[in-house]
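Chain residues, written in single-letter form:
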Amino acid sequence: MSTDVLDTAVLRTEFRLFRREPGSLFWIMLFPTLLLAILGSIPDLREADPNLGGLRPVDAYVPVTVLLGLLFGGLQGMPPTLTGYRETGILRRMSTTPVRPAALLTAQMLVLGGASLLSALLTLAVGRIAFGVVLPGQPFGYLLALLLALFASLALGALLSALSRTAKIAAAIGSAALFPAMFTAGVWLPVEAMPDLLADIVGWTPFGAAAQALNEAAAGHWPGGTHLGVMAGWALLLTAGAARWFRWE
């Protein structure tokens, strides 16, 4: 059997396993849209806010909720799964078969990445249909920023998987990393409403840069090169760290 056929079989298996995880389906694909629906149902959040440059809070929260799906996929989906596979010896057994262990990592990234992108699409659709949120004025810039943010999230998840010895530790570390990531993405306070100094600091984090890049693209501008560069740099750095410390056994 060819390597490509085996890799495809691994991908199908990981997809089936993902579909059987109601927790992952909810947090990655449904919770961000549900949060936006809850926020959009508050009348005051549908009124223009001078502190947000004339945007409505619900408009400002669309990029934030889009990023939430990516964060859950990278930080909550990948580390416990991959660490659990290593802890139970699945990766070691795979290394003795024609299936490449790397195929499992690729399948995980494709499944979780695809789910995160579908979550983003659902959030954008609900924002537009239910609350009249304008679709991104620069769609190609928005997609580029979204993909770079996704790569950074998955790379961080891979690094956490590399550093964790057990699935329980991976889940705990992933949860600990999730909250500061959510803060920098603007979950508790949109980046536009942050004081200038705090916004500048947050802009040097991968998800703070992602939030600002998505905001720029949503407003019809090409995302700033600094924000794109920050995301790309973090993605490369985290990937290098994951490759350096990852062990199959």
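Before any of the text, the structure's been laid out above.
What this report covers is the structure whose coordinates are included nearby. Since the model is a prediction, treat every value here as computed from it, not as a measurement.

## Observations concerning the overall build of the protein
A tally of helices and strands in the protein yields 10 helices and 0 strands. Each helix (α) and strand (β) of the protein, taken in turn from the N terminus, gives the series α-α-α-α-α-α-α-α-α-α. Compactness check: the protein gives a C-alpha radius of gyration of 19 Å against a globular reference of 18 Å for 249 residues, within 12% of the reference. Here the C-alpha coordinates of the protein stretch approximately 60 × 35 × 30 Å along the principal axes. Scored against the burial criterion, the 249 residues of the protein give a buried share of 49%.

## Here's the deal with the packing of helix α3 (residues 57-87) against helix α7 (residues 167-185)
Close contact between α3 and α7 brings their axes to 9 Å; oriented N to C, the two are set at 165°. In terms of axis orientation, α3 runs roughly antiparallel to α7. The two elements α3 and α7 meet at a crossing, and its hand is right-handed. Within the contact between the two elements, α3 uses V64, L67, L68, L71, F72, L75, Q76, P79, P80, T83, G84 and E87 and α7 uses A167, A170, A171, G174, S175, A177, L178, A181, M182 and A185.

## Quick notes on the packing of α3 against helix α9 (residues 206-218)
Packing of α3 against α9 brings their axes to within 10 Å, and their N-to-C directions diverge by 140°. Considering the angle they form, α3 stands oblique to α9. In the packing of α3 onto α9, the handedness of the crossing is right-handed. For the pair α3 and α9, the contacting residues are P63, V66, L67 and L71 in the first and F207, A210, A211, L214 and N215 in the second.

## Quick word on the packing of aromatic side chains
This structure, assessed with the given rule, holds 6 aromatic pairs. When the centroid spacing of 5.8 Å and the interplanar angle of 85° are considered together, the rings of F31 and F72 count as edge-to-face. Within this pair, whereas F31 is found in helix α2 (residues 22-40), its partner F72 is found in helix α3, the two being separated by 41 residues in sequence. Judged by its relative accessible area of 6%, F72 is buried. Aromatic ring contacts, followed pair by pair, group F26, W27, F31 and F72 into a single cluster. The ring of F246 carries the charged tip of R86 above its face, separated from the ring centre by 5.3 Å.

## A few points about α9
Think of an α-helix as 3.6 residues a turn; residues three or four steps apart then line up on the same face. Over its 13 residues, α9 extends 18 Å from the first C-alpha to the last, a length consistent with the 18 Å expected when each residue adds 1.5 Å. Taken across its 13 residues, α9 has 11 buried, putting it largely inside the fold. Buried within α9 we find P206, F207, G208, A209, A210, A211, Q212, A213, L214, N215 and A217. Directly beyond the C-terminal end of α9, a positive phi value near 100° is found at G220.

What counts as what
- Residues numbered from 1 in each chain as written.
- Predicted model: local features only at pLDDT ≥ 70, side-chain atom pairs only at ≥ 80, totals over all residues.
- Heavy atoms only, no water.
- Helix = DSSP H or I, 4+ residues; strand = E, 2+ residues; numbered from the N terminus.
- Rg over C-alpha atoms; globule rule 2.2 N^0.38 Å.
- Buried < 20%, exposed > 50% of the residue type's maximum accessible area, 1.4 Å probe, protein only.
- Axes fitted to C-alpha atoms, helices over the stretch in contact; angles between N-to-C directions.
- Parallel < 35°, antiparallel > 145°, perpendicular 65-115°, else oblique.
- Left-handed = near helix turned anticlockwise from the far one by under 90°.
- Contact = heavy atoms within 4.5 Å.
- Phe/Tyr/Trp six-rings, centres within 6.5 Å; stacked < 30°, edge-to-face > 60°.
- Lys NZ or Arg CZ within 6 Å of the ring centre and 35° of its normal.
- Expected span 1.5 Å × (residues − 1).

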